[in-house]
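# Structure at a glance
Listed below are the residues making up each chain.
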Amino acid sequence: MARESSQFAPSWYSAFEGSTTQSREQRMRAFVRLWRAFMRARVFIASVLLALQVFVVVTKTGGPDWLVLLCALHLCATLVALFFWKPVEQGRPMHVQWLLTIGVDVVVFALLQFFQIGGINYTPLFALPVLLASILGPLMLALATAASVTLYLLGEAWLSAPLLSDVSTARFLQTGLTGTGFFLVAVLANQLALRLAREEALAASSQAAARAQAQVNELVIESLSVGVLVVDPHGVVRNANPAAQAMLLGEVSAQPAKLLLSARSSWHHLAALVHETFASGQSLEAETTIDNEERPSQRLHARTKLTAQGGRRSGLCVLFLEDLREVEARVRTEKLASMGRMSAAVAHEIRNPLSAISQANALLDEEVREPGQKRLTSMIEQNAQRLSRIVDDILNVARAQPSQGVGAATSLPLDQMVRQITHEWARQNQAQRTLGVHAHAPAAHVGFDPEHLRRLLVNLLDNAIRHASGKPSSIRVITQPSGSDHIRMSIWSDGQPLEASVMRHLFEPFFSSESRSSGLGLYICRELCERYGAQIAYQRTRLDQREGNEFYILMPASSAVPGSHQPVQQSLSYPVVDSLASRSEVQGSTLSGDPPLATR
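For clarity, every value in this text was computed on a predicted model and none was experimentally measured. (Residues numbered from 1 in each chain as written. Predicted model: local features only at pLDDT ≥ 70, side-chain atom pairs only at ≥ 80, totals over all residues. Heavy atoms only, no water.)

## A look at the packing of helix 12 (residues 450-467) against helix 14 (residues 521-531)
Here is the rule we go by: Orientation is described by lines fitted to C-alpha atoms, with helices fitted over the stretch in contact, and by angles between N-to-C directions that extend from 0 to 180 degrees. Numbering of helices and strands runs from the N terminus; a helix is a DSSP stretch of H or I covering at least four residues, while a strand is a stretch of E covering at least two. The sense of a crossing depends on the near helix, which, turned anticlockwise from the far helix by less than a right angle, makes the crossing left-handed and, turned clockwise, makes it right-handed. Between two residues, a contact is recorded if the distance between any of their heavy atoms is within 4.5 Å. When residues are sorted by character, Ala, Val, Leu, Ile, Met, Phe, Trp, Tyr, Cys and Pro go into the nonpolar class, Asp, Glu, Lys and Arg into the charged class, and all the rest, Gly among them, into the polar class.
Between helix 12 and helix 14, the shortest axis-to-axis distance is 9 Å and the interhelical angle comes to 145°. In terms of crossing hand, the pair formed by helix 12 and helix 14 is left-handed. Contact residues: helix 12 offers H452, R455, L456, N459 and L460, while helix 14 offers G521, L522, I524, C525, L528, C529 and R531. In the contact of helix 12 with helix 14, the residues fall into 7 nonpolar, 3 polar and 2 charged.

This is the structure in structure tokens:
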């Protein structure tokens, strides 16, 4: 059986270790730098040789005069190679650039060595082309260059002295040692160059991985909800992530600034905790409260960790700050979620006895005649209905219901359904004067199940009446177009602003600010909206010069008649008294606040 080739990488930054385009570009840049260095060395040597030959010609102590022309041409060739020649990629031995650099140098040095008359020895100059081929070229090119130089030296030794004489033997021995040295230089320089190239590539890869790791760490720390501060032994905060800045200062500073923990009296306990950590050399933790003049007090859980240097804990202290309200909210959510799963099982068992109680109460209500007994049966009926709604909420949350698209739902006239549902709700809750309905989308149709739309609107109205003041038109239901393909339905009430801790968990299941609520109403609203492709959100808005809470739903519009014209969003004014309370027209104001989701 063949093994699967797809495996996890040994590390997330392993992409930096391969032969990528970036690594090839880095190797090419290093090759070009070495190439330029060698070309400058060739220009310098050519200039020295030209000056030397001019001196020899002037003093008439050297070889023929045409060697000056040879050195001048060599200098011109080196200048062309330095300023006008672009090196090719490393690893191509048989290329014209090697013939025009190494080949030219070997020929020029050989001619100078052969035709020199004085005691000048040009043999050491052959080391330059050998090193050039060894460091910049492959090993084969280096060995070929060393072999050509050695053959030339052997030929020169054979021509310059009588064969089998003492001078010839010494010259051949010296040439052999020189050639051997050139071969050793070629091999060693080539291997050292390869090793340095590998080390440089590894260093570049490690640097890129370290840079990427630092960026990832910085991004993770900045996105943490836990505050992180880096404090030195003097109590100076060297670095702080946005969460820590928000906890200590109430705002996030765009420019990093050093803070002193002892600068404010509300931070003294944090400074003392850091000082005690440095003194004891151990990690500590404590619960503390930060009192702010302009903001509510914050309860924090502080933990300290010392950085390790050379196996010893010293240097800097990392202080972690965690908002206890967030911790308690997470614990409460986990507990309530567990209780919710258990409640679903209990609710299923309650449904049958509850049905029996409701039926028995209905039979009993038919037999009783006294007003006092009628009130008792009415109380039983109301509480049984309340229990039935709670059971239905729990079971609907626990029951796995497949999502359906908008196209599968019934196309409903929104304004007509809103008027019908709000009329029934206002009559049942005796809220005719409290509720105001402003329907401004007469031609709009939405893809929604009628019962689900009723449940969505009733849940939001029940939530609004619990927090509204009860004054006339303290609850508003508003429909209006939002662009060409969405309808916006808003439920507004003049209740008090929601706390920040409540807003963070507003649409979570089993979360409620009231002890008598199941905490499922808004969660079910969100689930119903998502099922039909709608969006629900909350914002604090101002209506008729009054601040209030607004839950708005952005629903995709569906055409009841093909080709029907969809209205475009416009500025609308809402009368103070709605159609349920009165038909009189009163001058209103335009709903303010954040724009709908589709126009953001």
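## Notes on helix 5 (residues 139-160)
Note the cut-off: Every helix has an expected span of 1.5 Å times one less than the residues it contains. Three labels apply to residues, based on accessible area from a 1.4 Å probe with only protein chains included: buried if under 20% of the type maximum, exposed if over 50%, partly exposed otherwise in between.
For helix 5, spanning 22 residues, the distance from its first C-alpha to its last is 31 Å, which sits close to the expected 32 Å at 1.5 Å a residue. Within helix 5, burial applies to L141, A142, T145, A146, V149, T150, Y152, L153, E156 and A157.

## Structural notes on the side chain of T123
The test is simple: Pairs of N or O atoms are called polar contacts if they sit within 3.5 Å, as long as, within protein, a hydrogen donor faces a hydrogen acceptor (for residues adjacent in sequence, only side-chain-to-side-chain pairs).
With respect to the element layout, T123 can be found in the loop between helix 3 (96-115) and helix 4 (127-136). Using a relative accessible area of 13% as the deciding quantity, one classes T123 as buried. Among the polar contacts listed, one links the side chain of T123 to the side chain of N121, at a separation of 2.7 Å. Apart from residues no more than four positions distant in its own chain, T123 is found in contact with Q113, L153, T178 and F182.

## Thoughts on the packing of aromatic side chains
Under the convention used in this document: The criterion for an aromatic pair is that two Phe, Tyr or Trp rings (for Trp, the six-membered ring) have centres within 6.5 Å, with stacked assigned to planes under 30 degrees apart, edge-to-face to planes over 60 apart and tilted to the rest.
Applying the stated criterion across every chain yields a total of 6 aromatic pairs. Judged by centre distance (5.1 Å) and plane angle (75°), the rings of W66 and F115 are edge-to-face. Within this pair, whereas W66 is found in helix 2 (residues 66-83), its partner F115 is found in helix 3, the two being separated by 49 residues in sequence. Each residue in the set W66, F114 and F115 is aromatic and connected to the rest through ring pairs, giving one cluster.

## Brief notes about the packing of helix 4 against helix 5
Quick reminder of the rule: Angles below 35 degrees are treated as roughly parallel, those above 145 as roughly antiparallel, those between 65 and 115 as roughly perpendicular, and all remaining angles as oblique.
Axis separation between helix 4 and helix 5 bottoms out at 7 Å; the angle between their running directions is 165°. Taken as axis vectors, helix 4 and helix 5 run roughly antiparallel relative to one another. The two elements helix 4 and helix 5 cross, and the hand of that crossing is left-handed. Contacts between helix 4 and helix 5 involve P129, V130, A133 and S134 on the former and, on the latter, L141, A142, T145, A146 and V149. For the contact of helix 4 with helix 5, a count of residues per class yields 7 nonpolar, 2 polar and no charged.

## Here's the deal with the nonpolar core
In plain terms, the rule: Nonpolar cores are built from buried Ala, Val, Leu, Ile, Met, Phe, Trp, Tyr and Cys residues. Side-chain atoms within 4.5 Å join them into one set.
Among the nonpolar cores identified, the biggest contains 42 residues, and L453, L456, L460, M489, I491 and I553 are the most heavily contacted of them. When contributions to this core are tallied by element, the ones reaching two or more residues are helix 11 (414-429), strand 8 (435-439), helix 12, strand 10 (475-482), strand 11 (486-493), helix 14, strand 12 (535-543) and strand 13 (546-556). For L456, the residues in contact, after removing those within four places along its chain, are F448, M489, C525, L528, C529 and I553. Among the nonpolar cores identified, the runner-up in size contains 37 residues, and L70, A81, L132 and F182 belong to it.

## Some remarks on the pairing of strand 12
For clarity, the threshold we go by: Only when DSSP finds a minimum of two bridges between them are two strands counted as paired.
Pairing analysis gives 9 bridges linking strand 12 to strand 13, with the strands arranged antiparallel. Bridge assignment links Y538 to a residue of strand 13, and that residue is F551.

## A closer look at the confidence of the model for the chain
The following threshold applies: A residue's pLDDT is the confidence the predictor assigns to it, expressed on a 0 to 100 scale.
Averaged over every residue, the pLDDT of the chain is 77; residues scoring 70 or more account for 77%. The low-confidence segment residues 400-407, where pLDDT is below 50, has 10 contacts with residues more than four positions distant or belonging to other chains. Throughout residues 561-600 the model reports pLDDT below 50, and contacts reaching past four residues in sequence, or to other chains, amount to 96 contacts.

## Things to note about the sheet that holds strand 10
The sheet built from 5 strands is open, its strands ordered 8-10-11-13-12 with mixed pairing. The two strands at the open ends of the sheet, each matched to only one other strand, are strand 8 and strand 12. Taken pair by pair, the neighbouring strands of this sheet meet at an average axis angle of 20°, ignoring direction. As judged from the 5 bridges shared by strand 8 and strand 10, these two strands associate in the parallel manner. Opposite V437, over in strand 10, you have V477 as the bridge partner. Relative to strand 11, helix 12 is tilted by about 30°, and along the sheet it contacts strand 8, strand 10, strand 11, strand 12 and strand 13. Contacts from helix 14 reach strand 12 and strand 13 within the one sheet, and its direction differs from that of strand 12 by about 120°.

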